[in-house]
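These are the residues of each chain, in order.
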Amino acid sequence: MPLYNKKPLSRIHPPINLQPTDKVYYLEASGEIFTTYDEFFNRTILLNSTDFSCALTGKTGLTYFEALESENEAKEELKNFPDYLQAPILYLVQYLTCRGRLDDVLSDVTVFMKDRYFIGEELLWHDGKQKRAARIQGISIHNSHSPQRMGAGSPRKGATTDMGIPPPEAYRYEIQLMDEDSDVEDDESDDGKRETSAVDLSRSRAHMSKQKLKLFLKNSCVLIDKRQEVKESFCRDFRLDQHSWMQYFADPAPVFPQTPLLFRGRPTKGPIKLETEPKEKGQRGRKRKEGGSEKNGENPPKKGRKSAATEQPSPRKISEKKRKQIEAQQAELEVQFDVAKRLGIEGLDRFQQNEKVLSTDDIEELKELIKQGRIKEREEVKARKEREKREKAEWRKPRDDLACDDLQPLPSYARLPLPDWMSAEDFSSYLNLYQFFLSFQEILPIKETRGTSRISFADVVIAVRCRDPANSSLADLIAILWGARRELAEEEDGDEAAVSRLDACEEMDNERWAEQIRSRNETHDQMRQAFGASVRNLQVDWMTMSEAVRLHLLTAGYYTGVQTSRFRVSHRGGLRCYEDPAYSFCEQYPDVMEQLETMTIFDLMPSHRLAILQVFVDQLLSYQKFRAHHEERTTELHETRKQLKLLRSWGVSQEKEAKEAALLVDVEGQERPKPSAETKRLRSHLKAIKENRRFDKSDLEEIVLAGIAYNELDADEIVQAKEVQKEFYEKGEDELMERIFQIEGLSSLVFLGRDRAYRSYFFLDALPALIVEEPSEWDRERVGSCDEPTPLNEDVVASYNGNIHSARLAVTGCTGDGYCPSHGSEAKDRQRWQMVDTVEKMEQLMTSLNPRGFRESELLEEITENERKLMEMVERSARKLESGSLAAALMADSPDPFDSECTIDFEKEMRELIVDLEEKIYLGQIGCLPKGIDRTEWKKRLLESGDVTGLIQGDVAIRVEGALKEEEEAGDEEQEILYFQDDFLTLSNSEKLAFALLQLFQSVDFRCFKEPFITNDRQRGADRNISEVFLVWQRTLSQNAKSVPMIAMFLYTLDSKIAWDRSRYQGKCRVCRRKGEAEQLVLCADCCVTYHLTCVRPILEVAVTGWLCAECKALRRREAAKEKRLAAREAAQRAEQEMKDEEDEEGGFAGRSSTDRTTKSASGSEEREKMAEPMKTSSGRIVKKVLYNENYNGAVIMTKGKKPVKDEQQWTDYDSADSEAMEDEDSPKRGERNKKKRREYDPHQDAVRVSIGLRETTGSFKDSLHECTLAIKDTMGQYFAWPFLAPVDKKEVPDYYDVIKNPMDLQTMVTKEVQEDLDQMITNCKVYNEDGSEIIECALRTSEYLQPKLESIIRKSQR
């Protein structure tokens, strides 16, 4: 119990009549209860005052809490005081000292124990090489010193004059070694006993120091009769009265000065009588024990009395009275003499003598000498403290961990449960790959590919090691990586630059990679022409994956142009195209690239598959999207940690304000500020909480986290507000810590730091596990060699029995001999991958990390920051380790996937795929095998041997269509042969499969191909014509079919380029709009629309090839009639032209005007307008403005997906033909129109009626319709009408039809109401576009141009 005014603090008990319902104040520090706040406050102030002292150490000027802490520390020190020293020290105090002050007793004991050691004491013995633990077995005196008894007062040469015993070096100690370690080989008969002197012995400072000795004496001694004696309880416990001095040390016993407690002031009359005689038997006295000081039957001298043997003869006789005065004076000055001796004052013999009484001047001189000595001592102490301070500051400086002298042993970790077939290097590679998928799972298409958002560690291992496609996850992982790179390459790379432009690029200046850059650009261009798409857009599955990967490795890193190069420099870290990882892979693994030409990726070694996956990972990490994702996460982590730091700083300031407000709340005369609005709201919420009523928690949280003005609250409110604020503070802190842990967890394998042995610490929440990695062989080159051993202090060495080598091994330090646990062979023998498997080891790790080491200080900081989360993770890890789920996640008990054999025959699978494709083509009625080939036999041979060349007679030529086919048939072009019949027998298995696939390609109906196999080309004379891809695909298939994956790539390309929606497999009946079985459907040969056999008229029994639906039959008849009319019209025009020519020859000019239109139309149909660059309007619409020729009245709009607008003659022909066709097909005949009365002329109303009427009459009104059409087309030929030539394209202006509900344009007006449509078109333009824009100006000019013409036509029609 702490002392208050040198007395134990009395505890205040609660009142007897205290009721359970009474309001009380509980003081947690002292466990006291008060009924009033004043008593509680006063008691709190008292406990915080500095009037307390420690009952054990005697320290004063402490608060109650500091005194209590000092007592606890003193109790711990007393508990650790060595047992083997307690009895000898207590015997020394009880029977050999005679002091009144405890400091004098401490000084006597300390002087004696310096370089002297007791029997049974455990200490360190220096054998010249190392310190070894030993125990004292016996003590003897060296022969050079006389063994006779040496009494006090008769010192001899070599003996100390103050205690009357030999010096420390005179004693010989028989010791027993306590350890078995030795640097030399000892005989088997060696019992470990040695004889040595005090020079080779030393005590451990950790166990014995002057401060600890003083604490022990203070708590074991008590002042009795002006002397410090051992407490009776200690005498009884250690049975001191039953022991002798020879049991603890060698004879003779020391003689100490006798200075009982004296009264200060003027000396009393007469000499001071010293109580040196022992008390009678039965009384507790200071009787010297027999045997401890007896020798040759003589009794030991009494304390305080000199024996006759030590008395010095006086040169002259001194009277008894004067002698007594001298003795009294000398006894009174004994304390000064001791101080002078301690200070090392010379010439003390002239003051300490028994011949005369010292004068006042002599005493003053002695005191002056003592004063000067104390000043010198203080200076030395000050200098020593400064030196110690500098040494301590130097000791606290950060340094290399292995240079710290206070290292503590680290815990031993458990082995990470890994399978035997997985090496440490393999696990490291798998873990890095697994980390990538975890870190970027948010932006990788994992869920789109696999249906789940996570990739497990087992998936990575199986993908790398498994050779069976049926059980391997390699196809999924590559599909994920391929999809992510395809998206990024579309955004950041683009297609390759032309080979002709490579010479101007900077990358070609690199002599090492220039040819590879050119080669990759050429290869990528060839593959794009062969497959109709870039390599990144090819199909990837388990069949085509091998070929896709091979092409990717051959083409990745192609040069894309100047703009892309600049983007790489600014956004991708200055990456050059030749720095793509595919370059180094092809250079490092040329044999793998050769194997991929004829084999699959599943036939490669696991290390090669791992390297391929790593290429994809490195490529993705170089893209700006992945870099930005990582930077965003890093920035968020930094900001969250900053918020946490600010929150903690704010919490400390609020706690300080609350304490100050609590101390000042009841101070009299203290003015308190007026409560603010926030304080009033806070009080209402606190009152609601106290009364258990509902309150607005969000409002309370806002007030509390904004900061509480504690000086505006009462005492009770301060306590309650602190609790509420603490709750919200801890909640906010937990949320921020949780967010930090989540962000770090998203980075997967989070690096915490390294320890003194260069081991790396990671935590992986996905497993979960706190992983410890030993340095790899490459890391050990950076660790360094075992040069200088770790310097450990005496306390650390003493805890290992003084064996410094064992201590260095235990604390994982450097031994300097090449076998240390940090650099040497012992470190290499440890398991590379370990884990912290228990919470106890985690706690031991935190206490063992040295805060002065460079590496361990950072590691300790990271662990402390995430301590709670790491502890939870270690607990989960321990449970999973115990249940076996962690071992299952790491495949510890699973067989090696590499041992599984491939269960899939790729060639057989390819045959079945080709047969399935032929079945779809045939049953879908979009093609069939050439005539003369039996389908059944063809499929049988293909499935059995893969060879169908025996069914072919003659060479196989490349397939051409359209104009090329016409030229070939006309003999203008030579036929290109792909397979010669003479070479059929020399084809390999892969080439035979390619031959069969080529047959399927050539059997597909040309109209069922899609782009890029076909193209619309009006210049070639056909709407659909073959493209270059159509030809290159055939050539590449026949020339480069070396592996099954390559053929599979061609098959999937063909399958994706067939318009299956035209197949009867995918179609619905045009009549009933229902699907049906393929055998019950028939496909129209022209429009590729399907019908049920029972829905057509007449009903069909079976599907007929070349069947036409009713619409297509009518269309063919219409086209035939149109061609017939055009032929007749052309004949009439030629006849008219001939008549005109004849008239011109006769000089007549009458027919010129009648033929101007025809001539202009003919010339206009032969010319093409020049197109301007695309432009963006104010509304965001992308349009192309037409440049017109002065001699041409029409316009051709060359926008994507739109057909050109025809000239006047073409429009006239189309309308005429359409009208005639309509007349031919209209079954109901038109009746005569009712005549209407004439009325006043209204241009707008008449325009609406006439425009409708023009389409409902015949005769003269058709001329008005024709004139309206000509007026609209004439307007379309004007330069300002370009925005209204065709409907607005939704792809170019996505939001147009969200704004405009009734769209209109000039092309649509040709077949609809004229005036009303014109008004609608102008209104739409004004609604969507901004006033004053170019589009509005064009609309106004179009209206001004077309409106008068329409009004003129309307007036003419009303006549």
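Below: a short report on this structure.

What counts, and at which threshold
Starting from 1, residues in each chain are numbered consecutively following that chain's sequence as written. Local features in a predicted model are, by the rule used here, given only for residues with pLDDT of at least 70; side-chain atom pairs are given and counted only at 80 or more, and totals for whole chains, interfaces and linings are based on all residues. With hydrogens and water excluded, all non-hydrogen atoms of the structure serve as input to the side-chain values. Put simply, DSSP H or I for four residues or longer makes a helix, DSSP E for two residues or longer makes a strand, and each gets a number counted from the N terminus. Throughout, a residue-residue contact means that at least one pair of heavy atoms, one from each residue, lies within 4.5 Å. Each accessible area is a Shrake-Rupley result for a 1.4 Å probe, and residues are judged covered by the shown protein chains and nothing else. Between buried and exposed lies partly exposed: a residue is buried under 20% and exposed over 50% of the maximum accessible area for its type, with that area taken using a 1.4 Å probe on protein chains only. The reported arc concerns the directions from the helix axis to the C-beta atoms and nothing else. Polar contact is defined as a pair of N or O atoms within 3.5 Å, subject to the rule that within protein one atom must be able to donate a hydrogen and the other to accept it, and that residues adjacent in sequence are counted only when both atoms are side-chain atoms. Put simply, a patch holds well-exposed residues, over 30% relative accessible area, that have no salt bridge, with like charges counted together within 9 Å and Val, Leu, Ile, Met, Phe, Trp or Tyr side chains within 5 Å. For salt bridges, the criterion is a side-chain nitrogen of Lys or Arg within 4 Å of an Asp or Glu carboxyl oxygen. Only buried residues count toward a nonpolar core, which is a set of Ala, Val, Leu, Ile, Met, Phe, Trp, Tyr and Cys residues joined through side-chain atoms within 4.5 Å. When two rings of Phe, Tyr or Trp (its six-membered ring) have centres within 6.5 Å they constitute a pair, described as stacked for plane angles under 30 degrees, edge-to-face for angles over 60, and tilted for the intermediate range. Note: two strands are recorded as paired if DSSP finds a minimum of 2 bridges between them. For every element, the axis is a line fit to its C-alpha atoms; helices are fit only across the contacting stretch, and the angle between N-to-C directions ranges from 0 to 180 degrees. By convention, the crossing between two helices is left-handed when the near helix turns anticlockwise from the far helix through less than a right angle, and right-handed when the turn is clockwise. As a working rule, the residues Ala, Val, Leu, Ile, Met, Phe, Trp, Tyr, Cys and Pro are called nonpolar, Asp, Glu, Lys and Arg charged, and the rest polar, with Gly in that last group.

1. Comments concerning the overall build of the protein
Point 1. If you tally the helices and strands in the protein, you get 46 helices and 27 strands.
Point 2. At a minimum sequence separation of 6, the contacts of the protein that also span at least 24 residues come to 68%.
Point 3. Total accessible area on the protein stands at roughly 75,000 Å², and carbon and sulfur atoms take up 48% of it.

2. Description of helix α33 (residues 935-944)
An α-helical turn contains 3.6 residues, so a residue and the one three or four places further along point in the same direction.
Point 1. Listed as buried for α33 are Arg935, Trp938, Lys939 and Leu942. The buried residues of α33 occupy one face: seen down the axis, they fall within an arc of 95°. Opposite the buried face of α33, by more than 90 degrees, sit the exposed residues Thr936 and Glu944.
Point 2. Next to the buried residues of α33 lie α32 (906-923) and α35 (989-1003).
Point 3. Regarding α33, its N-cap is Asp934, as a side-chain oxygen of that residue lies 3.3 Å from the backbone nitrogen of Thr936 further along.
Point 4. Immediately downstream of α33, the backbone of Gly946 shows phi near 80°, a positive value.

3. Quick word on a nonpolar patch on the surface
Point 1. Together, Ile45, Leu663 and Leu664 make up an exposed nonpolar region whose accessible area comes to about 250 Å².
Point 2. Take Leu663: it is sitting in helix α20 (residues 624-664).

4. What about the environment of Met163?
Point 1. On the secondary structure map, Met163 appears in the loop between β8 (131-141) and β9 (171-177).
Point 2. For the pair Met163 and Pro257, spaced 94 residues apart in the sequence, the C-alpha separation amounts to 8.1 Å.
Point 3. In this view, Met163 contacts Val111, Phe112, Arg116, Ala253, Pro254, Val255 and Phe256; residues no more than four positions away in its chain are not counted.

5. Digging into the nonpolar core
General note: in soluble globular proteins, nonpolar side chains tend to be found buried as a group.
Point 1. Core analysis: the largest hydrophobic core is formed by 131 residues, its most contacted members being Leu444, Ile601, Trp938 and Phe1009.
Point 2. Discounting chain neighbours no more than four positions away, the residues touching Trp938 are Ile914, Glu918, Leu929, Ile933, Val948, Leu951, Ala996, Gln999 and Leu1000.
Point 3. Counting residues in hydrophobic clusters, the runner-up holds 45 residues, among them Leu90, Leu92, Val230 and Cys235.

6. Some remarks on the packing of aromatic side chains
Point 1. In this structure the tally under the stated criterion is 49 aromatic pairs.
Point 2. Ring centres 6.2 Å apart and planes at 25° place the aromatic pair Tyr91 and Trp245 in the stacked group. Taken as a pair, Tyr91 in helix α3 (residues 83-96) and Trp245 in the loop between α6 (232-238) and β14 (258-259) lie far apart in primary sequence, 154 residues in all. The two residues Tyr91 and Trp245 agree in class, both being buried.
Point 3. Pairing Tyr1091 with Trp1107 gives two aromatic rings, centres 5.5 Å apart and planes at 70°, and the pair type is edge-to-face. Here Tyr1091, found in strand β25 (residues 1090-1092), pairs with Trp1107, found in the loop between β25 and α38 (1110-1145); they are 16 residues apart in sequence, far enough to count as distant.
Point 4. Clustering of aromatic rings is evident, with ring pairs tying together Tyr91, Tyr95, Phe112, Phe118, Tyr171, Trp245, Tyr248 and Phe249.

7. Let's talk about the side chain of Gln353
Point 1. Position of Gln353 relative to the elements: it lies in the loop between α8 (334-343) and α9 (360-396).
Point 2. By relative accessible area, which is 15% here, Gln353 ends up buried.
Point 3. Side-chain polar atoms of Gln353 contact the backbone nitrogen of Glu355, separated by 2.6 Å.
Point 4. Those residues in contact with Gln353, other than ones at most four positions away along the chain, are Ile326, Gln330 and Leu358.

8. Describing the sheet that holds strand β2 (residues 7-8)
Point 1. Reading across from one edge, β2-β1-β5 is the order of the three strands in this open sheet, with antiparallel pairing throughout. In this open sheet, the two edge strands, each paired with only one partner strand, are β2 and β5 (52-53).
Point 2. In this sheet, β5 lies alongside strand β1 (residues 3-4) in antiparallel orientation, the contact comprising two bridges. When the bridges of β5 are listed, Tyr4 appears paired with Phe52.

9. Overview of the pattern of salt bridges
Point 1. Evaluated as defined, the whole model comprises 60 salt bridges.
Point 2. Put simply, Asp405 and Arg852 hold a salt bridge, and the shortest N to O gap is 3.0 Å. Linking Asp405 in the loop between α9 and β15 (414-415) with Arg852 in the loop between α28 (839-848) and α29 (854-865), this pair joins segments that are 447 residues apart in sequence.
Point 3. With relative accessibility at 6%, the residue Arg852 sits in the buried group.
Point 4. Sharing partners across several salt bridges, the network here consists of Asp734, Glu738, Arg868, Lys869 and Glu872.

10. With respect to the packing of helix α10 (residues 424-439) against helix α19 (residues 606-621)
Point 1. Between α10 and α19, the shortest axis-to-axis distance is 11 Å and the interhelical angle comes to 40°. Here α10 runs over α19; the crossing is left-handed. Here Ser429, Tyr430, Leu433 and Phe436 of α10 lie close against α19, whose contacting residues are Leu610, Leu613, Val617, Leu620 and Leu621.
Point 2. Classifying every residue of the contact of α10 with α19 gives eight nonpolar, one polar and no charged.

11. Brief notes about the pairing of β8
Both faces of the sheet carry side chains from a regular strand, because those side chains alternate between them.
Point 1. By the bridge criterion, five bridges tie strand β7 (residues 122-126) to β8 in an arrangement that is antiparallel. Bridged to Trp125 within β8 is Arg132.
Point 2. The antiparallel hairpin formed by β7 and β8 contains four residues in its connecting segment, where Gly128 sits at a positive phi of about 100°.

All we've got here are geometric facts, nothing functional implied.
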